[in-house]
Each structure stands twice: as structure tokens, then as C-alpha cells.
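Architecture and fold: a report
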Amino acid sequence: QVQLVESGGGLVQAGGSLRLSCAASGSIFSINVMGWYRQAPGKQRELVATITSGSSTNYADSVKGRFTISRDNAKNTVYLQMNSLKPEDTAVYYCRVVTIPYIYWGQGTQVTVSS
């Protein structure tokens, strides 16, 4: 059983920055992929960014150049540095960990960007 604890969400003005963290704990043997997803009210959950065990990254087009995903394998933690935030970034952000064959989700952290 793996638990994910997210932190770092909050309220920020447009153009500001936030850094999200997600720490995995429990019975962890190996983590294949860690990533961030987000869901705004009334919308489907969408991928924001992912990072593999080899540090290969993937970003949604809407956040490229503004967000950076990184991981600390020793701490089983993934980060999302969010710069130049826009009101359309407002959503609940969820951490996801893939440790084949299982998928784990964090509890979600609210990010609100005011105009």
C-alpha cells in the first residue's frame, strides 16, 4: 500500500508562482512514473506533466515553458514548479504514481489563480 501526500497549493495572483510537492510513502519497491494531473470544476481531469524513473519529462502544451516537473528518487518525491500562473491554471492538482501494475492518486491540492 502506497500513500501520497500533496502540499504547496494555495491562492496566488496571475503571474505568480507556486511549487507543489508530492511525497510517496509505504511499501514502495520501484516507481516507474510520477506525474501531475489537474481538474477544474465541471471538467475532466487532464494531464499536466509526467516524469519517468530516467527523468524523461512530458508536459501538456498549455503549461510548456511555465511549469517544470522534477523528482527526488531518494525521497520518493515529485515536484511541480509553476511559474507565470494564469487564471486558467485554477484547478485541483492531483499527484499520480505508477508502480506497475498499480496506480496511486494523491488527495489533491487546490491551486487558485486570481486575475
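Overview of the nonpolar core
By size, the foremost hydrophobic cluster in this structure holds 30 residues, and its most contacted members are Trp 36, Leu 80, Met 82 and Tyr 93. Sorting the residues of this core by element identifies β1 (2-7), β3 (18-26), β4 (33-39), β5 (46-52), β7 (67-72), β8 (77-82), β9 (91-99) and β11 (109-114) as the ones contributing at least two each. Excluding its chain neighbours within four sequence positions, the residues that come into contact with Met 82 are Gly 16, Ser 17, Leu 18, Leu 20, Arg 66, Phe 67, Tyr 93 and Val 111.

Describing the state of the cysteines
Across all of its chains, the model carries 1 disulfide by this definition. A sulfur-sulfur distance of 2.1 Å marks the disulfide that ties Cys 22 to Cys 95. Disulfide Cys 22 to Cys 95: torsion about the S-S bond roughly -85°, handedness left-handed. Of this pair, Cys 22 sits in strand β3 while Cys 95 sits in strand β9, and the two are 73 residues apart along the sequence. For Cys 22, a relative accessible area of 0% gives the class buried. The class for Cys 95 is buried, based on a relative accessible area of 0%.

Comments concerning the environment of Val 2
Assignment of secondary structure puts Val 2 in strand β1. Between the C-alpha atom of Val 2 and that of Gly 26, which follows or precedes it by 24 residues, the distance is 4.6 Å. Setting aside chain neighbours within four positions, we find Val 2 in contact with Ala 24, Ser 25, Ser 27, Ile 28 and Tyr 104.

Focus on the side chain of Arg 71
Along the chain, Arg 71 turns up in strand β7. One buried charge, Arg 71, has no salt-bridge partner; the nearest side chain with opposite charge is Asp 72, at 8.2 Å. Among the polar contacts listed, one links the side chain of Arg 71 to the backbone oxygen of Ile 51, at a separation of 3.3 Å. Within the structure, Arg 71 has its side chain in polar contact with the backbone oxygen of Thr 52 (distance 2.9 Å). Not counting the four nearest positions on each side in its chain, Arg 71 is found in contact with Ile 31, Asn 32, Val 33, Met 34, Ile 51, Thr 52, Ser 53, Thr 77 and Val 78.

Looking at the sheet that holds β8
In a beta sheet, neighbouring strands are held together by backbone hydrogen bonds and run either parallel or antiparallel to one another. Pairing within the open sheet is antiparallel, and its 4 strands lie in the order β1-β3-β8-β7. Looking at strand neighbours, the two that pair on one side only are β1 and β7, the edges of this open sheet. Direction aside, the axes of adjacent strands within the sheet are offset by 15° on average. As defined by bridge partners, β7 adjoins β8 across 6 bridges and the pair is classed as antiparallel. By the bridge assignment for β8, Arg 71 is matched with Val 78.

So, how was this worked out
- Residues numbered from 1 in each chain as written.
- Predicted model: local features only at pLDDT ≥ 70, side-chain atom pairs only at ≥ 80, totals over all residues.
- Heavy atoms only, no water.
- Core = buried A, V, L, I, M, F, W, Y, C linked by side-chain atoms within 4.5 Å.
- Buried < 20%, exposed > 50% of the residue type's maximum accessible area, 1.4 Å probe, protein only.
- Helix = DSSP H or I, 4+ residues; strand = E, 2+ residues; numbered from the N terminus.
- Contact = heavy atoms within 4.5 Å.
- Disulfide = S-S within 2.5 Å.
- Lys, Arg positive; Asp, Glu negative; His and termini not counted.
- Salt bridge = Lys/Arg side-chain N within 4 Å of Asp/Glu carboxyl O.
- Polar contact = N/O pair within 3.5 Å; in protein donor to acceptor, adjacent residues only side chain to side chain.
- Pairing = 2+ DSSP bridges.
- Axes fitted to C-alpha atoms, helices over the stretch in contact; angles between N-to-C directions.

Geometric values such as these leave the question of function open.
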